[in-house]
Structure formats: structure tokens, C-alpha cells
Amino acid sequence: MNREVTLPLIVDDRGALQVAASDVSKLLRTVGGRWLRLVEAGQGGLDEDTVAALTIELAKLADRIDVACIAHSSGAASG
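Definitions and limits used
- Residues numbered from 1 in each chain as written.
- Predicted model: local features only at pLDDT ≥ 70, side-chain atom pairs only at ≥ 80, totals over all residues.
- Heavy atoms only, no water.
- Helix = DSSP H or I, 4+ residues; strand = E, 2+ residues; numbered from the N terminus.
- Buried < 20%, exposed > 50% of the residue type's maximum accessible area, 1.4 Å probe, protein only.
- Areas by Shrake-Rupley, 256 points an atom, 1.4 Å probe, with all protein chains shown as cover.
- Patch = residues over 30% accessible without salt bridge, like charges linked within 9 Å, V, L, I, M, F, W, Y side chains within 5 Å.
- Salt bridge = Lys/Arg side-chain N within 4 Å of Asp/Glu carboxyl O.
- Lys, Arg positive; Asp, Glu negative; His and termini not counted.
- Charge placed at Lys NZ, Arg CZ, Asp CG, Glu CD.
- Axes fitted to C-alpha atoms, helices over the stretch in contact; angles between N-to-C directions.
- Parallel < 35°, antiparallel > 145°, perpendicular 65-115°, else oblique.
- Left-handed = near helix turned anticlockwise from the far one by under 90°.
- Nonpolar A, V, L, I, M, F, W, Y, C, P; charged D, E, K, R; others polar.
- Core = buried A, V, L, I, M, F, W, Y, C linked by side-chain atoms within 4.5 Å.
- Contact = heavy atoms within 4.5 Å.

1. Some points on the overall build of the chain
Reasoning step 1: Of the regular secondary structure elements, the chain holds two helices and zero strands.
Reasoning step 2: Going through the 79 residues of the chain one by one, you find that 18% of them count as buried.
Reasoning step 3: Per element, the accessible surface of the chain, about 6200 Å² overall, is 57% carbon and sulfur.

This is the structure:
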């Protein structure tokens, strides 16, 4: 199954991107890392398996953003 995710990022009225994709992927990784630290500290009543699964999915999405940016900047066709 191919699951595509479209992320509406912040653009101005001319369509210029206002948030760098690298900042978005960094944010996704940071959120996952903070969740993991909360679980390790025993805080928040978070389920360890759920947090691990969500953190993995956030990292995968961040990877996809990074790969798409690399492909775009190198002129490679997406597909």
C-alpha cells in the first residue's frame, strides 16, 4: 500500500515557502525524541509501545521530507 502524505506548509500570499523543510523534519524528530525521554523518565502516563511506534512514524516522515528535498535540489524526478 502506498500512503502519501501531503503537508500544507506555511506560505505567504505569493506562494513563497515560509518554513524550511529541514526545520519541519527536525521538528518531527525532536517531538519523537522528547516523547521517548518522557517515557524513559516514567512521566506522563505514556504507553511505551505506542510512543515507540509514533516516534518511528515521525522519523519515517522526516526521512521522506529529507529525501524529497534532496531529490528536488538535485533535479531528480519524483515518483
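More follows now that the structure is in view.
2. Describing a negative patch on the surface
Reasoning step 1: Where like charges cluster on the molecular surface, the negative patch consists of Glu-40, Asp-47, Glu-48 and Asp-49.
Reasoning step 2: Here Glu-48 is to be found in helix α2 (residues 48-74).
Reasoning step 3: The exposure class of Glu-48 is exposed, given its relative accessible area of 55%.

3. A few points about the packing of helix α1 (residues 21-40) against α2
Reasoning step 1: With their axes 9 Å apart at the nearest point, α1 and α2 run at an angle of 165° to one another. When the axes of α1 and α2 are compared, the pair comes out roughly antiparallel. You can see that α1 and α2 cross each other, and the crossing is left-handed.
Reasoning step 2: Of the residues assigned to the contact of α1 with α2, the class counts are 16 nonpolar, three polar and four charged.

4. Quick look at the nonpolar core
Where a protein is soluble and globular, its nonpolar side chains tend to be buried together.
Reasoning step 1: Formed by Ala-21, Val-24, Leu-28, Leu-58, Leu-61, Ala-62 and Ile-65, the largest nonpolar core amounts to seven residues.
Reasoning step 2: Put simply, the parts of the chain that give this core at least two residues each are α1 and α2.
Reasoning step 3: No other element matches α2, which puts four residues into this core.
Reasoning step 4: Residues within four places of Leu-28 in sequence aside, it is in contact with Leu-58, Leu-61, Ala-62 and Ile-65.

5. Overview of the pattern of salt bridges
Reasoning step 1: Evaluation of the coordinates by the stated rule reveals three salt bridges.
Reasoning step 2: One salt bridge in this structure joins Arg-29 and Asp-66, with 2.8 Å as the shortest N-O distance. In this pair, Arg-29 is assigned in helix α1 and Asp-66 in helix α2, connecting sequence segments 37 residues apart.
Reasoning step 3: Glu-57 is the salt-bridge partner of Lys-60, the closest N and O atoms lying 3.3 Å from each other. Of this pair, Lys-60 and Glu-57 both sit in helix α2, three residues apart, which is roughly one turn of the helix.
Reasoning step 4: Take Lys-60: its relative accessible area is 44%, and that puts it in the partly exposed class.
Reasoning step 5: Taken together, the shared-partner salt bridges in this structure form one network comprising Arg-29, Asp-63 and Asp-66.

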